[in-house]
Amino acid sequence: MDATSPKLAAPSAETIDRLVAVVGEKYAVRDAQEMENYVTEWRDRWPGRASLVLRPGSTQEVSEILKIANETQTGVVPQSGNTGAVGGQVPSPSGNEIVVSLERMNKILRVEALDNTIAVEAGCILQSVQEAAEEVDRLFPLRIGSQGSCQIGGNLGTNAGGIATLAYGNARDLALGLEVVMADGRIWNGMNRLRKNNTGYDLRDIFIGSEGTLGIITGAVLKLYPNPRDRAVALVGISAPEPALELLALAQGKTGNGVVGFEIFPHYGMEIVERHTELRNPLGSYFPWYVIVEIAGGAAPGDLMPVLTSILEEAFEADLISDAALASSEAQYQMFWSMRERMSEVQKFEGGSIKLDTSVPVSQVPELIERGLEALKEAVPDARPLPYGHIGDGNIHFNISQPEGADTDAFMARWDELTGIINNIAIDMSGSISAEHGIGQSKTYMMPKVKSPLEMELLLGLKDLFDPNGILNPGKVLPS
Ligand SMILES: Cc1cc2nc3c(=O)[nH]c(=O)nc-3n(C[C@H](O)[C@H](O)[C@H](O)COP(=O)(O)OP(=O)(O)OC[C@H]3O[C@@H](n4cnc5c(N)ncnc54)[C@H](O)[C@@H]3O)c2cc1C
């Protein structure tokens, strides 16, 4: 789907000069070639063009930029780490919009260990926030494969999930307050540090997950957690998704809230990770499915290895699992998780791949996978499905690699048809077509299908209220 913004024209030369003057020539990119990194995204799926890229250094500068953009009706695409998976962070091919990158606004503002809070600028890289928490022996639990480059503004903009959502929730659950620049340049200071604050409607939650269409997030107060004293991880060979869910229930029953990560991938995932990386299956044999389970907590290092061992032994006795390897060192811990985190990346080397982000109630994941595999077999018998991911949250990335040797362009041309097959199954099961990535420009056309007329009316009304000129991320989330 193409995200065009027909209502908004390109900024005039005079407007461009006014916008550049806000940040200074040094922090503006006018040259099309130099803009390349800001207008293309990692999947190469939504090529865009921009009139200008601006890299403001303060909230005040973001405010000045939006005042001018609103007055001149210039489309603005907010961008953080540019790792988004649905093309929300890149401009349309029209070349009419400007990109506002938050990358220079990367300061940790305040860490309050006793409050368990950290205040940051929106351009902070996620990993820097995790490290700042670690320095005061706290945990910031948002964990995603892109954490070395994605930024807090983008994480909140998309309401990111990841591999620890099971225990700690998604980005929305980890934010206490926000600072946001409105479309007309006014600044909302909502940097709330309170755990409890029921004073009317919650504006924070309206901005989180709005993908840059209602305001630009410039700062956030985030929740920290006590650092678990120990963690234990295992890679498990398993016959099917059903017993995986039984293993999850067993592990949760034995540890209380101790299961922090629980991910699944099929044999095809193991095959391509081994084919394209240095990572190797630590189990003696190969199995139809694999699960990575991580538990955390305990009072001291070493506490949890016996706990996880006894969970796995019980699962083995009950015929739930076929084999398991426990990580016995930090290197092995990293290796197990790398297998999971590199799954999307290695799919690239297998030719064209179609990506999905469906969710259903946790107990219904096996049905989603079974129905999806059956339907795909009928549509593209030789396609190589890769349904993997956050089974503990009911969120499966039902990715599909092209048949070996097939024409990549012809396969990719079937994106809407094949994603439609899986998404329709998820919808039929009262699930979601976007569990954690958002709508961006890739699923905008599906909004009227997944939202009722009443919801659409309210969402369009909100957009109109927050951004009456439609300058913020035009063509994203809601059909224009
Ligand atoms: C290897 C890899 C693994 C990934 N794994 C996961 C995963 O497990 N879970 C998951 O949820 N996602 C995952 N993603 C997708 C992506 O990393 C997340 O969506 C992330 O939250 C995007 O952050 P970003 O800083 O890159 O934002 P961007 O890509 O720059 O922007 C994303 C969206 O947010 C908007 N936005 C950006 N900054 C702001 C701001 N300051 N204010 C308002 N809106 C803003 C943009 O306009 C855009 O719509 C993965 C991506 C990769 C490459």
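Residues numbered from 1 in each chain as written. Predicted model: local features only at pLDDT ≥ 70, side-chain atom pairs only at ≥ 80, totals over all residues.

A few points about the overall build of the protein chain
Piece 1. Looking only at helices and strands, the protein chain features 17 helices and 19 strands.
Piece 2. At 23 Å, the protein chain has a C-alpha radius of gyration in line with the 23 Å of a compact globule built from 480 residues.
Piece 3. The principal-axis extent of the C-alpha atoms belonging to the protein chain is close to 70 × 55 × 45 Å.
Piece 4. Within the protein chain, the fraction of its 480 residues that count as buried is 51%.
Piece 5. Of the contacts made within the protein chain by residues no fewer than 6 positions apart, 76% connect residues no fewer than 24 positions apart. (Helix = DSSP H or I, 4+ residues; strand = E, 2+ residues; numbered from the N terminus. Rg over C-alpha atoms; globule rule 2.2 N^0.38 Å. Buried ≥ 20, exposed ≤ 12 C-beta atoms within 10 Å, placed from the backbone. Contact = placed C-beta atoms within 7 Å.)

Description of helix α13 (residues 365-379)
Piece 1. Helix length check: α13 (15 residues) gives 21 Å between terminal C-alpha atoms against 21 Å at 1.5 Å per residue, within 8%.
Piece 2. Three or more residues of α13 are buried, namely V365, L368, I369 and G372. What you see down the axis of α13 is that its buried residues fit within an arc of 95 degrees, all on one side. Opposite the buried face of α13, by more than 90 degrees, sit the exposed residues E374, K377 and E378.
Piece 3. Packing partners of the buried residues in α13 comprise α8 (241-255), β17 (358-359), β18 (384-390), β19 (395-401) and α15 (415-428). (Expected span 1.5 Å × (residues − 1). Arc of directions from axis to C-beta.)

Notes on the site of the ligand
Piece 1. Not every one of the 37 residues close to the ligand is listed here, only the nearest: G84, G88, G153, G154 and G157.
Piece 2. If one sorts the elements of the shell around the ligand by residue count, helix α5 (residues 152-158) sits on top with five residues.
Piece 3. Among the residues making up the shell around the ligand, the classes are represented as eleven nonpolar, 23 polar and three charged.
Piece 4. Built from parts of two domains, the shell around the ligand gets at least three residues from each of domain 1 (13-104) and domain 2 (108-226). (Near = placed C-beta within 6 Å. Nonpolar A, V, L, I, M, F, W, Y, C, P; charged D, E, K, R; others polar. Domains from an automatic or database assignment.)

Points about the confidence of the model for the protein chain
Piece 1. Overall, the prediction assigns the protein chain a mean pLDDT of 96, with 99% of residues at 70 or greater.
Piece 2. Low confidence marks residues 1-5, where pLDDT is under 50. Its contacts with residues over four positions away, or in another chain, come to 20 contacts. (pLDDT = per-residue confidence, 0-100.)

Examining the sheet that holds strand β1 (residues 28-29)
Hydrogen bonds between backbone atoms are what pair the strands of a sheet, whose relative direction is either parallel or antiparallel.
Piece 1. Pairing in this open sheet of four strands is mixed, and the strands run β1-β2-β4-β3 from one edge to the other. In this open sheet, the two edge strands, each paired with only one partner strand, are β1 and β3 (76-79).
Piece 2. Pairing between strand β2 (residues 52-54) and strand β4 (residues 98-101): three bridges, direction parallel. By the bridge assignment, L52 is partnered in β4 with I98.
Piece 3. Those strands touched by helix α1 (residues 13-23) are β1, β2 and β4, and its axis lies near 20 degrees from that of β2. (Pairing = 2+ DSSP bridges. Axes fitted to C-alpha atoms, helices over the stretch in contact; angles between N-to-C directions.)

Some thoughts on the packing of α1 against helix α3 (residues 59-72)
Helix packing for two helices is described by the angle between their axes and how far apart those axes are.
Piece 1. Relative to each other, α1 and α3 sit at 170 degrees, their axes nearing to 9 Å. For the element pair α1 / α3, the angle class is roughly antiparallel. Where α1 approaches α3, its residues T15, R18, L19, V22 and V23 are matched on the opposing element by E61, E64, I65, I68 and T72.
Piece 2. For the contact of α1 with α3, the per-class residue count stands at five nonpolar, two polar and three charged. (Parallel < 35°, antiparallel > 145°, perpendicular 65-115°, else oblique.)

Concerning the domain arrangement of the protein chain
Piece 1. Segmentation of the protein chain into domains returns domain 1 (13-104), domain 2 (108-226), domain 3 (230-344) and domain 4 (351-438).
Piece 2. Spacing between the C-alpha centres of domain 3 and domain 4 amounts to 23 Å.
Piece 3. Counting residues at the interface gives 15 residues for domain 3 and 13 residues for domain 4.
Piece 4. Elements with a contribution of two residues or more to the side of domain 3 that touches domain 4: α8, β13 (259-266) and α9 (267-276).

What about unusual backbone geometry?
Piece 1. Residues other than glycine seldom take positive phi values, yet N473 does so here, at roughly 45 degrees.
Piece 2. One can find N473 in the segment after α17 (453-466).
Piece 3. Of note in this structure, V477 is not a glycine but carries a positive phi near 70 degrees.
Piece 4. When you line up the elements, V477 lands in the segment after α17.

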